[in-house]
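Commentary on secondary and tertiary structure
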Amino acid sequence: MAKRGIKSISSDFLVIGSGVAGLSAAIALSGAGRVVVLNKGRAMEGSSEFAQGGIAVAISEEDSIGFHLEDTLAAGRGFCREEAVKVMVGEGPDRIRDLISWGAEFDKEGGRFAFAREAAHSRERILRAKGDATGEEIVKTLLRRVNSSPEIAIFEHHFTIDLLIDNSGCRGAIVMDEPKGEIYLIKTRATIIATGGIGRVYSRTTNPSVVTGDGIAMAFRAGAELEDMEFIQFHPTSLFLPGAPPFLLSEAMRGEGAVIRNINKEAFLSRYHADAEMAPRDMVARAIWLEMQATGSRHVYLDLTSLDPVFIRGRFPKIYATCLQYDLDITEEMIPVSPAAHFIMGGIKTDINGATNIGSLYAAGEAACTGVHGANRLASNSLLEGLVFGSRAGEEAVKASVKKEVVKGKQASLVRDLMSDYGEGCKESRDDSDKIINSIRRLMWDKAGIVRSKDGLNEALISIKELCTLLNKRRQTSRADLELKNMITIAQLITIPALTREGSIGAHYRSDFPDKGERWDRHLVLKRGEVISQGGAPDTLCNPQVYQYR
Ligand code: FAD
Ligand code: SIN
């Protein structure tokens, strides 16, 4: 392929991902040049679109930016970067006003915005749309705005394989146009990664299928620093029904009075935490996990049956309809639920403007670690994070790239080397990849999940290496294999710091070190070290250097 020349296109800016963070970035970039936005599925296929509970923002009369700041810092257990939290809660109201001016409709009661309460919030501050379809409303609004800008082009079904890096930083990306079966380059002045989280690395997850950690893995391969990768948030209540995906049952249901009961129908959370159903998310998820072990069951129940059926159908229409599809009427029956991987607090380390340690490379949204979530994210803060830091990353990319040229031609040799790794085609080999993917997902759930231990994490690392060897025997030319490579990388990048952190804090819980441990009052940063490359395959097995800092 290299000999026949490499197809490339140029754009001033590249945004990888079209969720709330990517679309916010694209809007901020438009006006400064041409913007290409990529996604690997359809435009509306990331976590953003599925967000239910709502968006936290301090705009009610009873609330203040100071209260929102305090609640976020408390949930993050001293691990948040206060400067970043101040930016998020301070700029949040303006970003919401932007959305409203672009046509977003949030639910109202008596002519005023309706604010809900979720766990660990001291005030009612969650705005929602159509009951439980907040993400969809926000993404549709942002998409309308993007589609009205002639400078922004969205390329669907374009899988980003890797970043183009040279001595001066990131120069664009290598992408696979799946429908055409073509690999080509997009060269840019600045690139923003907004590829979302890593949920699919776990067998039980609320995340949609596109969320495989690609952006974090490719940034790591390119030399970006990652931070707080051991902090994975498990949502306490996802549907547990044979044949049904672990569909999310919003925390807002507990905010409205739903009760969690064990297999013997007993409400038990007050035995674990004084705030019971409204305790911080990590504590509720862990309490459910422990109760499931104690009662020898694979699920607990979420009970709304004491609430008015008319209220339930109006307040949670999407959840009601989805459960009904599985023959479960939530107004009459208790819902079998168990925890599921939901969100990663860590990711690509950025400053408050989305800048990474690599020139011209920015990150925003769940793929980034600005430090706003610390060791445990406060519910409904991530849509806000995507809006605020997506916009900031876009603005910063514009400022920083004023004098930069889109690189032309001179990287041909670098590119040829990269392209030869990927071969010519995008031949599917989904079945084989699926087997390895399922193994890695089960492994992560069992050994690097809600409760972790040294032995389990060591076993996980050994198995990850074996799976990696299996993958390396194959030529990685399909999207399935490339995703698998990323998932294996992410699995290691979670397991290694989880093993290193011999203490428990927030969402990271070690049964062999149940206390925080003074020594562990610090962040772990991972950077690519010596790379073990086997059989000529791209760098599937990473060997990160682990740094600690306060
Ligand atoms: P996403 O919205 O996940 O978008 C990622 C994008 O990246 C997609 O367009 C995808 O196609 C693209 N992409 C990924 N890899 C590649 C690749 N290799 N090449 C090209 N494109 C790629 N948060 C709240 O604040 N409130 C809530 O109520 C809430 N509810 C939630 C409910 C559910 C079920 C889930 C899963 C999450 C929820 N969250 C909620 C969390 C929140 O939705 C996410 O953290 C946030 O939306 C992430 O936005 P994002 O823009 O970073 O990524
Ligand atoms: C939910 O609705 O429970 C999800 C909210 C969130 O993850 O922020």
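Description of the structure in this document. (Residues numbered from 1 in each chain as written. Chains lettered and ligands numbered in written order. Predicted model: local features only at pLDDT ≥ 70, side-chain atom pairs only at ≥ 80, totals over all residues. Heavy atoms only, no water.)

1. With respect to helix H14 (residues 454-472)
In this model H14 runs 27 Å from its N-terminal to its C-terminal C-alpha over 19 residues, within 8% of the 27 Å that 1.5 Å per residue would give. Of all the positions in H14, only Gly456, Leu457, Ala460, Leu461, Ile464, Leu467, Cys468, Leu471 and Asn472 are classed as buried. Down the axis of H14, the sector holding all buried residues measures 140 degrees, keeping them to one side. In H14, the exposed positions angled more than 90 degrees off the buried face are occupied by Asp455, Ile462 and Glu466. (Helix = DSSP H or I, 4+ residues; strand = E, 2+ residues; numbered from the N terminus. Expected span 1.5 Å × (residues − 1). Buried < 20%, exposed > 50% of the residue type's maximum accessible area, 1.4 Å probe, protein only. Arc of directions from axis to C-beta.)

2. Some details on the packing of helix H4 (residues 82-101) against helix H11 (residues 382-400)
With their axes 8 Å apart at the nearest point, H4 and H11 run at an angle of 95 degrees to one another. Between H4 and H11, the crossing angle belongs to the class labelled roughly perpendicular. On H11, the residues touching Ala84, Val87, Met88, Glu91, Gly92, Arg95, Ile96 and Leu99 of H4 are Leu384, Glu385, Leu387, Val388, Phe389, Ser391 and Arg392. Counted by class, the contact of H4 with H11 contains nine nonpolar, two polar and four charged residues. (Axes fitted to C-alpha atoms, helices over the stretch in contact; angles between N-to-C directions. Parallel < 35°, antiparallel > 145°, perpendicular 65-115°, else oblique. Contact = heavy atoms within 4.5 Å. Nonpolar A, V, L, I, M, F, W, Y, C, P; charged D, E, K, R; others polar.)

3. So, the layout of surface pockets
Taken as a whole, the second largest pocket spans an internal volume of roughly 370 Å³. Of all the elements in the fold, those that place two or more residues in the lining of the second largest pocket are helix H8 (281-295) and helix H13 (430-447). Looking at the lining of the second largest pocket, the element that brings in the most residues is H13, giving five residues. Of the residues in the lining of the second largest pocket, the class split is seven nonpolar, five polar and five charged. (1 Å grid on protein atoms, 1.4 Å probe; cavity = no way out; pocket = protein on both sides within 12 Å on 5 of 7 lines; lining within 4 Å. Points joined across faces, edges and corners; volume = space filled by probe spheres on them.)

4. Comments concerning the sheet that holds strand S12 (residues 190-193)
Ordered in space as S8-S3-S2-S12-S19, the five strands form an open sheet in which the pairing is parallel. Each end of this open sheet is capped by a strand with a single partner; those strands are strand S8 (152-155) and strand S19 (361-363). Across the sheet, the mean angle from the axis of one strand to that of its neighbour is 20 degrees, orientation sign disregarded. Bridge analysis of strand S3 (residues 35-38) against S8 gives four bridges, and the strand direction is parallel. Of the residues in S8, the one forming a bridge with valine 37 is isoleucine 154. Packed on one face of the sheet, helix H1 (residues 20-29) meets strand S2 (13-16), S3, S8 and S12 and runs near 165 degrees to S2. (Pairing = 2+ DSSP bridges.)

5. Observations regarding the environment of leucine 241
As for its placement among the helices and strands, leucine 241 is situated in the loop between strand S14 (232-239) and helix H7 (252-255). Sequence spacing of leucine 241 and isoleucine 335 is 94 residues, and the spatial spacing of their C-alpha atoms is 8.9 Å. Excluding anything up to four places from it in sequence, leucine 241 contacts Tyr326, Leu328 and Pro336.

6. Things to note about the packing of aromatic side chains
For the structure on display, the rule yields five aromatic pairs. Ring geometry for phenylalanine 234 and tryptophan 445: centres 5.9 Å apart, planes at 65 degrees, overall edge-to-face. Pair noted here: phenylalanine 234 is in strand S14 and tryptophan 445 is in helix H13, with a separation of 211 residues, a long-range link. For tryptophan 445, a relative accessible area of 12% corresponds to the buried category. Measuring from ring centre to ring centre gives 6.0 Å for tryptophan 289 and tryptophan 445, while their planes differ by 80 degrees; the resulting arrangement is edge-to-face. With tryptophan 289 in helix H8 and tryptophan 445 in helix H13, the pair connects residues that are 156 residues apart, well separated along the chain. Summarising the burial analysis for this pair, tryptophan 289 and tryptophan 445 share the class buried. (Phe/Tyr/Trp six-rings, centres within 6.5 Å; stacked < 30°, edge-to-face > 60°.)

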